[in-house]
Amino acid sequence: MTKQIYRRRQTVRPTAHSGEPTNGPLTAEELQLAVRNHSMPLEALRSEITPPGLHYILTHFDIPYIDEDAWHLRIGGAVRRSLEINLKALRRDPVISVPVTLECAGNGRSLLRPRPLSQPWRLEAVGTAVWTGVPLAYLLAHAGLEDDAVEVVFTGADAGVQGGVTHQYARSLPIKEAMRPDVVLAYEMNGSALPPQHGFPLRLVVPGWYGMASVKWLESIQVVTHPFEGFQQSVAYLYQRDANDAGTPVTHIRVRSLMIPPGIPDFFTRSRVLPPGPVLLRGRAWSGEGAVKRVEVGIDGKWLPAHLEQPSAPFAWCEWTLPWVADPGEHELACRATDATGAVQPLEQAWNYQGMSNNAVQRVKVSVQ
Ligand SMILES: Nc1nc2c(c(=O)[nH]1)N[C@H]1C(S)=C(S)[C@@H](COP(=O)(O)O)O[C@H]1N2
Ligand SMILES: [Mo]
């Protein structure tokens, strides 16, 4: 999709969804969003597949109640054959299981200065699950795309108001992405039925793209002949300099690594305490642009290469480890990953208006005593 195509639009102005960026204290609205949408505790980085309940959650509006027996998926638009399929029929279709690291595009937002007002993620809006269901390409081929089809629009059952616009959550994918063999319409997460908060009974999962593309509580799939201009497509999820910048769309996940903070935390400040001696620093790294090629661990500003394991799938995170001998005193640990495109996590992040994709390196202060 070229920038050109996305630029002709703007029936709705790209306004702030929620107020001007601020350096002030956390607001009641941010707190409200933060307690609805939880992140993954960093200690869960020990697990290759995030255990149920520890995967991050981002839900814009309310979690819809869906009656499994009455539910069906509609596929229509620029197709030769419109389809209506219930869950029983979907379960008889070909099945794939894809391990995918999902990350929210707003991850790292609250660490930007000034701070864009929205879900105030720190570093942990991430998780890896095995998503099982029908390949989207199979159903699209079954429906038969018309020659003038350009995008596929996915609409969830959840509705709300954002930026003054009332809408159901909906996102599109270019045909080429929609036809990738690893894009899945998932009815299972980690071998069990989708939990309500993750999109029951059916959700889209787009490996390598930030989470906003993976529409939950799917209700319809429409093939369209013009680029989709819904709110979540052409107003939200843009890299913008300011409120009036037409911006560029957010798509693939930028390279990132995270470390399990070593030692034990202080309850209130979360600062780390650890005894002197050998400790295995460990964490995971991922990128939606290409395989992770290198992870370096910074110890008091000196970068050392970590050992990298193979990921279980192209868009699942990989584990890294680095042994360290901690000597008494105060230390700052950091980690940074580089992917196959040569992209490396920045030490300082360039700011953008919606606080998208802040993949600046994580820093962990530890007190060795
Ligand atoms: N229908 C619907 N789908 C949605 C959302 C939503 O609010 N409604 N949030 C999106 C965003 S921004 C993210 S990051 C992911 C989060 O998926 P998870 O909650 O299963 O981790 O779902 C995406 N799909
Ligand atoms: Mo997100």
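Quick caveat: nothing in here was measured; it's all calculated off a predicted structure.

Rules used in this analysis
- Residues numbered from 1 in each chain as written.
- Chains lettered and ligands numbered in written order.
- Predicted model: local features only at pLDDT ≥ 70, side-chain atom pairs only at ≥ 80, totals over all residues.
- Heavy atoms only, no water.
- Helix = DSSP H or I, 4+ residues; strand = E, 2+ residues; numbered from the N terminus.
- Rg over C-alpha atoms; globule rule 2.2 N^0.38 Å.
- Buried < 20%, exposed > 50% of the residue type's maximum accessible area, 1.4 Å probe, protein only.
- Contact = heavy atoms within 4.5 Å.
- Lys, Arg positive; Asp, Glu negative; His and termini not counted.
- Charge placed at Lys NZ, Arg CZ, Asp CG, Glu CD.
- Salt bridge = Lys/Arg side-chain N within 4 Å of Asp/Glu carboxyl O.
- Near = heavy atom within 4 Å.
- Polar contact = N/O pair within 3.5 Å; in protein donor to acceptor, adjacent residues only side chain to side chain.
- Areas by Shrake-Rupley, 256 points an atom, 1.4 Å probe, with all protein chains shown as cover.
- Nonpolar A, V, L, I, M, F, W, Y, C, P; charged D, E, K, R; others polar.
- Pairing = 2+ DSSP bridges.
- Phe/Tyr/Trp six-rings, centres within 6.5 Å; stacked < 30°, edge-to-face > 60°.
- Lys NZ or Arg CZ within 6 Å of the ring centre and 35° of its normal.
- Arc of directions from axis to C-beta.
- Domains from an automatic or database assignment.
- Buried area = accessible area lost by both parts, 1.4 Å probe.

Draft legend 1. Fine view of the overall build of the chain. Summing up its helical and strand segments, the chain has six helices and 22 strands in all. A globule of 369 residues ought to have a C-alpha radius of gyration of about 21 Å, and the chain, at 21 Å, matches this closely. Principal-axis analysis of the C-alpha atoms places the extent of the chain at approximately 70 × 45 × 40 Å. In the chain, which comprises 369 residues, the share counted as buried stands at 54%. Partitioning the intrachain contacts of the chain with sequence separation of at least 6 by distance along the chain shows that 74% fall at a separation of at least 24. Each charge class in the chain was averaged separately, 35 positive and 36 negative side chains, and the resulting centres sit 3 Å apart.

Draft legend 2. The arrangement of the pattern of salt bridges in detail. Under the definition given, this model contains 14 salt bridges. Here Glu188 and Arg91 are joined by a salt bridge, their closest N and O atoms 3.8 Å apart. Note that Glu188 is positioned in strand β7 (residues 184-189) and Arg91 in the loop between α3 (87-90) and β3 (96-103), a separation of 97 residues in sequence. Salt bridges sharing partners connect three or more residues here, namely Arg80, Glu146 and Asp147.

Draft legend 3. Representation of the site of ligand 1. Taken together, 18 residues form the shell around ligand 1, and within it Tyr56, Asp158, His198, Arg203 and Lys216 come nearest. Contact distances for ligand 1 include 2.7 Å between a nitrogen atom and a side-chain N or O atom of Asp158. At 2.6 Å from an oxygen atom of ligand 1 is found a side-chain nitrogen or oxygen belonging to Lys216. Expressed as a share of its isolated accessible area of 530 Å², the protein-covered part of ligand 1 is 100%. For the shell around ligand 1, a count of residues per class yields nine nonpolar, six polar and three charged.

Draft legend 4. Representation of the pairing of strand β6 (residues 165-174). Burial within β6 is extensive, with seven of its ten residues counted as buried. By the bridge criterion, nine bridges tie strand β5 (residues 151-162) to β6 in an arrangement that is antiparallel. Counterpart to Val161 in the pairing with β6 is Thr166. A loop of two residues connects β5 with β6, the two strands running antiparallel in sequence, and Gly163 in this loop sits at a positive phi of about 55°.

Draft legend 5. The arrangement of the packing of aromatic side chains in detail. Tallied over the full model, the rule gives three aromatic pairs. Ring geometry for Trp351 and Tyr353: centres 6.3 Å apart, planes at 80°, overall edge-to-face. Taking relative accessible area as the criterion, Trp351 reaches 32% and is therefore assigned partly exposed. The ring of Trp131 carries Arg203 above its face, with NZ or CZ at 4.8 Å from the centroid. We note Arg336 situated over the ring of Trp303; from NZ or CZ to the ring centre the distance is 4.1 Å.

Draft legend 6. Geometry of helix α4 (residues 136-143). Buried within α4 we find Leu136, Ala137, Leu139, Leu140 and Ala143. Projected down its long axis, α4 carries its buried residues within an arc of 165°, all on one side. Taken from the residues just after α4, Gly144 is the one with a positive phi, measuring 80°.

Draft legend 7. Molecular detail of the sheet that holds strand β14 (residues 264-265). On the basis of which strands lie adjacent, the open sheet formed by six strands has the order β14-β15-β22-β21-β17-β18 and mixed pairing. Single-partner strands in this sheet number two, and they are β14 and β18 (302-305). Note that β14 and strand β15 (residues 272-274) share two bridges and pair antiparallel. Within the sheet, the bridge partner assigned to Pro265 lies in β15 and is Arg272.

Draft legend 8. Spotlight on the domain arrangement of the chain. Per the domain assignment, the segments making up the chain are domain 1 (28-249) and domain 2 (256-368). Its C-alpha centre places domain 1 at a distance of 27 Å from the equivalent point of domain 2. Residue-level contacts link 40 residues of domain 1 with 24 residues of domain 2. Here domain 1 meets domain 2 over a buried area of about 3,000 Å², counting both sides, of which 58% is carbon and sulfur. When the area that domain 1 buries against domain 2 is broken down by residue, the three leading residues are Leu45, Leu112 and Leu123, summing to 20%. Two residues, Arg256 and Glu103, come together in a salt bridge whose shortest N-O distance is 2.8 Å. At the junction of domain 1 and domain 2, the tally comes to 18 residue pairs in polar contact (both at pLDDT 80 or more). At the level of secondary structure, the elements contributing two or more residues to the side of domain 1 that touches domain 2 comprise β3, β4 (126-135) and β11 (238-239).

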